[in-house]
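Reading the structure
Residue-level listing of the chains:
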Amino acid sequence: MSAKTKAYSLNGSMILCLAVGLTVGWATATKAEDPATAPPQLKELLAQIDAAANRRDVQGVMQFYSQDFKHSDGLTHLQMEQALKQLWERYPQLMYRTELQSWENQGDGMVAETVTTVTGTQPNGGTMIKLESTLRSRQRYENQKIVSSEILAERSQLTSGVNPPNLQVILPEQVRIGQSFNFDVIVQEPLGDNLLLGTALEEPISRDRYSQPSDFELDLLSAGGIFKVGRAPLNPQDRWISAVLIRGDGMTMITRRLNVVDR
């Protein structure tokens, strides 16, 4: 028994806009500083960017990015702007919250690490899909513009139905090239007589995948979850690892970023 469907996009396009901007020269630091010591101007700017995203003001967000902006997934300034427009058309009620984790002066610029949380809903065929997504990233700022952004960790979840499966996800955050890894997604509640459909999907991360959801086939699962062994590629290209599980009273889909390093 199987069924073919299209994955909802759960990748970094969900939250890529929430890198923070700051003015170089607000303070002098020689190492990563605790967020409690951050200048008031930085905290205010974080609030301004969140506010622009929460009102879905694309230009209000993109004004903080350099035209030569570089993203670790290959996105350009224009592609990022287009991804935001597509995302907010699909999810018109997203709410953003960004927290500063650390900051420091570095050469002619400034570097900050942030964690962004995004929540929202989307109507779909008479049901409501709920989104929860978290992104940890590091940005570099020069001349009051974000010039580059690197995603450090990423996780997203979509749920729908009256009782979506509650999942435990086991996946390392980072592996070496060529290294094997386990990907286990376990339903926490007893299934009883309910049938469980599901599948797992591994995709290389690239800028083209941000706006192209994938097709996949759902299979009838004999156990209470998905249990897979994967192997990292032989080049240091990160992967999106996803799973979807569906039963009669709900659906849960998760995506995690697997960082692939060459050391």
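Conventions and cut-offs
- The numbers attached to residues start from 1 for each chain and follow its sequence in the written order.
- Local features in this predicted model are restricted to residues whose pLDDT is 70 or higher, and side-chain atom pairs enter the listing and the counts only when it is 80 or higher, whereas totals over whole chains, interfaces and linings include all residues.
- Side-chain calculation: all heavy atoms of the structure are included, whereas hydrogens and water are not.
- Here the term buried applies to any residue with accessible area under 20% of the maximum for its type, exposed to any over 50%, and partly exposed to those in between, with areas from a 1.4 Å probe on protein chains only.
- Put simply, DSSP marks the helices as runs of H or I at least four residues long and the strands as runs of E at least two long, and each gets a number from the N terminus on.
- For two strands to pair, DSSP has to find at least two bridges joining them.
- N or O atoms within 3.5 Å of each other form a polar contact, as long as, within protein, one can give a hydrogen and the other can take it, and as long as residues adjacent in sequence are counted only when both atoms are side-chain atoms.
- When two rings of Phe, Tyr or Trp (its six-membered ring) have centres within 6.5 Å they constitute a pair, described as stacked for plane angles under 30 degrees, edge-to-face for angles over 60, and tilted for the intermediate range.
- Given the number of residues in a helix, its expected span is that number minus one, multiplied by 1.5 Å.
- Note that the arc is computed from the directions linking the helix axis to the C-beta atoms.
- Whenever Lys or Arg places a side-chain nitrogen within 4 Å of a carboxyl oxygen from Asp or Glu, that contact is recorded as a salt bridge.
- Note on contacts: a residue pair qualifies if any of its non-hydrogen atoms lie within 4.5 Å across the two residues.
- Residues grouped as a nonpolar core are buried Ala, Val, Leu, Ile, Met, Phe, Trp, Tyr and Cys residues, joined through side-chain atoms within 4.5 Å.

**Focus on the pairing of strand 13 (residues 239-247)**
In terms of burial, strand 13 is largely enclosed, as 8 of its 9 residues are buried. Here 8 bridges tie strand 10 (residues 197-204) to strand 13, and the two strands are oriented antiparallel to one another. Each residue of the ladder has a partner; that of Gly 198, found in strand 13, is Leu 245. Sheet topology note: the strand 13/strand 14 (residues 250-261) ladder contains 9 bridges and is antiparallel. Pairing of Ile 246 across the sheet is with Met 251, part of strand 14.

**Considering the side chain of Thr 255**
Summarising the element assignment, Thr 255 is placed in strand 14. Overall, the relative accessible area of 4% leaves Thr 255 in the buried class. Within the structure, the side chain of Thr 255 is placed 2.7 Å from the side chain of Ser 242, a separation counted as a polar contact.

**A closer look at the packing of aromatic side chains**
Applying the stated criterion to the full structure yields 2 aromatic pairs. Judged by centre distance (5.0 Å) and plane angle (90°), the rings of Tyr 65 and Phe 69 are edge-to-face. Accessibility classification places Tyr 65 together with Phe 69 in one group, the buried group. With a centroid separation of 6.2 Å and an interplanar angle of 85°, the aromatic rings of Trp 88 and Tyr 96 are classed as edge-to-face. Looking at Tyr 96, the relative accessible area reads 5%, which means it is buried.

**So, helix 3 (residues 77-90)**
Compared with an ideal rise of 1.5 Å per residue, which puts 14 residues at 20 Å, helix 3 spans 20 Å between its outermost C-alpha atoms and is within 8% of the ideal. For helix 3, every residue scored as buried is listed here: His 77, Met 80, Glu 81, Ala 83, Leu 84, Leu 87 and Trp 88. All buried residues of helix 3 lie within an arc of 160° about the axis, which places them on one face of the element. Facing away from the buried side of helix 3, by more than 90 degrees, are the exposed residues Leu 78 and Glu 89.

**A look at the pattern of salt bridges**
This structure, assessed with the given rule, holds 15 salt bridges. Between Lys 130 and Glu 132 there is a salt bridge, and its shortest N-O distance comes to 3.3 Å. Judged by relative accessible area, which is 42%, Lys 130 ranks as partly exposed. With a shortest N-O distance of 2.9 Å, Arg 140 and Glu 142 are connected by a salt bridge. According to the relative accessible area criterion, Arg 140 is buried, its value standing at 18%. Since its relative accessible area comes to 29%, Glu 142 is described here as partly exposed. Linked through salt bridges whose partners overlap, the residues forming this network are Glu 113, Arg 136, Arg 138, Glu 150 and Glu 173.

**Points about the environment of Gly 224**
The residue Gly 224 is located in the loop between strand 11 (215-220) and strand 12 (225-231) in this model. Here the alpha-carbon distance between Gly 224 and Leu 245, two residues 21 residues apart in the chain, equals 9.7 Å. Not counting residues up to four positions away in its chain, the partners in contact with Gly 224 are Val 185, Ile 186, Val 187, Leu 191 and Leu 196.

**Digging into the nonpolar core**
Among the nonpolar cores identified, the biggest contains 35 residues, and Val 61, Tyr 65, Trp 88, Tyr 91, Leu 94 and Tyr 96 are the most heavily contacted of them. Here the element with the most residues in this core is helix 1 (residues 40-54); it accounts for 5 residues. Residues in contact with Leu 94, not counting those within four places in the same chain, are Asn 54, Arg 56, Leu 87, Trp 88, Val 118, Thr 119, Gly 120 and Leu 131. Ranked by size, the runner-up nonpolar core spans 16 residues in total, among them Ile 226, Ile 241, Leu 245 and Leu 258.

Take it as geometry only, folks, not as evidence of what the structure does.
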